[in-house]
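Listed here are the chains, written in short residue letters.
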Amino acid sequence: CCGETEHFSGCLICGAPVTYSVESSVKTCSICHKEQLTNAVCENGHFVCDACHSYGTYIPVIIALRSSTEKDPLLLLEEIMDLPSVHMHGPEHHAIVPSVLLTALRNNGERMNYDTALSEICKRARQVPGGTCGYWGAAAGAGIFMSVMTGSGPLHKDAWPFPQKLVSVILSKLADVGGPRCCKRTSRIAIEEAIRFYRQFSSVKIPLSSVLCKYFEDNKECIREDCPYYPVNK
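Residues numbered from 1 in each chain as written. Predicted model: local features only at pLDDT ≥ 70, side-chain atom pairs only at ≥ 80, totals over all residues. Heavy atoms only, no water.

Participant: Hey, could you run me through the overall build of the protein chain in this one?
Facilitator: When you go through the protein chain residue by residue, the secondary structure sums to eight helices and two strands. Order of helices (α) and strands (β) in the protein chain, N terminus to C terminus: β-β-α-α-α-α-α-α-α-α. For the protein chain, the proportion of its 234 residues judged to be buried stands at 49%. Pairs at least 24 apart in sequence give 60% of the contacts found in the protein chain among residues at least 6 apart. Here the protein chain has roughly 11,600 Å² of accessible surface; of this, 52% comes from carbon and sulfur atoms. (Helix = DSSP H or I, 4+ residues; strand = E, 2+ residues; numbered from the N terminus. Buried < 20%, exposed > 50% of the residue type's maximum accessible area, 1.4 Å probe, protein only. Contact = heavy atoms within 4.5 Å. Areas by Shrake-Rupley, 256 points an atom, 1.4 Å probe, with all protein chains shown as cover.)

In structure tokens form, the structure reads like this:
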């Protein structure tokens, strides 16, 4: 969608750093030319809307997940984040987190209607505003996963608390680690905490590995030694 060059990190158009203003304003997407309220514009003035940022990402991600046999959700996450269509940062991570969790559970023998659940997860995740990615997007994705797995809804008395509790656990962990944002770090934390939380309700054995980050050189905001996945910390 961006022509011959689509940058992995920073602005998809030119690769320049994306700056975030305190107040949002209406900008025109540099790709589809639709107007949208945003506070994220690159240093050269380019704005890319959520739909264009994630365009071309979901299909290869879904294809890879459906054919995957990986039982470890963190290893599966790394495989998905390695796909060429997944950028350093972006709203696609909102859907990747719950989809990876769902797929790992399926691969470990959890009973479910996988295609129906995956479709529902993707539909809900794409409704999460892109501007939340640096704050609670990964936690929201994990909450969507828990909601789908438990059948939780706005009027469901028994299951309603579970997604809320999981999201609160993840947000607390994210706050402890600190910022600035990193979609890779927050996705890993969300998956780790979601699996630990889900183990309370399921007898299915779910492996959870220790992983190292290989994206820190592509992340200009990387917190390095303060990140639990920074190689020197392992």
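Read on for the rest.
Participant: Any chance you could explain the pattern of salt bridges here in plain terms?
Facilitator: Close approach of charged atoms lets side chains of opposite charge pair. Considering all chains together, one arrives at nine salt bridges under this definition. With a shortest N-O distance of 3.2 Å, Lys 123 and Glu 120 are connected by a salt bridge. Of the two residues, Lys 123 and Glu 120 are both situated in helix α5 (residues 114-125); the distance of three residues between them amounts to about one turn of the helix. Judged by relative accessible area, which is 23%, Glu 120 ranks as partly exposed. Across the pair Arg 181 and Glu 221 runs a salt bridge whose closest N-O atoms are separated by 3.6 Å. Here the residue Arg 181 occupies a position in the loop between α7 (161-177) and α8 (183-198), and Glu 221 occupies one in the segment after α8, the gap between them amounting to 40 residues. Here Glu 221 falls in the partly exposed class, since its relative accessible area comes to 26%. Each member of the salt-bridge network shares a partner with another, and the members are Glu 78, Asp 82, Arg 188 and Lys 214. (Salt bridge = Lys/Arg side-chain N within 4 Å of Asp/Glu carboxyl O.)

Participant: When you look at the packing of helix α4 (residues 92-107) against α5 in this model, what are you seeing that I'm missing?
Facilitator: When two helices pack together, their arrangement is given by the angle between the helix axes and by the axis-to-axis distance. As a packed pair, α4 and α5 sit with axes 8 Å apart at the nearest point and diverge in direction by 165°. Between α4 and α5, the interaxial angle falls into the category roughly antiparallel. In this structure, α4 crosses over α5, and the sense of that crossing is right-handed. Each of His 94, Ala 95, Pro 98, Ser 99, Leu 102, Thr 103 and Arg 106 in α4 lies in contact with α5, whose residues at this interface are Tyr 114, Ala 117, Leu 118, Ile 121, Cys 122 and Ala 125. Taken together, the residues that form the contact of α4 with α5 break down as nine nonpolar, three polar and one charged. (Axes fitted to C-alpha atoms, helices over the stretch in contact; angles between N-to-C directions. Parallel < 35°, antiparallel > 145°, perpendicular 65-115°, else oblique. Left-handed = near helix turned anticlockwise from the far one by under 90°. Nonpolar A, V, L, I, M, F, W, Y, C, P; charged D, E, K, R; others polar.)

Participant: How should I be thinking about the nonpolar core in this particular structure?
Facilitator: One broad trend across soluble globular proteins is that nonpolar side chains are buried collectively. Val 100, Leu 101, Ala 142 and Ile 191 are the most contacted members of the largest nonpolar core, which totals 56 residues. Contributing elements (two or more residues each) for this core: α2 (58-67), α3 (73-81), α4, α5, α6 (137-150), α7 and α8. Among the elements that make up this core, the one with the highest residue count is α6 (eight residues). Not counting the four nearest positions on each side in its chain, Ala 142 is found in contact with Val 97, Leu 101, Leu 166, Ile 170, Ala 190 and Ala 194. (Core = buried A, V, L, I, M, F, W, Y, C linked by side-chain atoms within 4.5 Å.)

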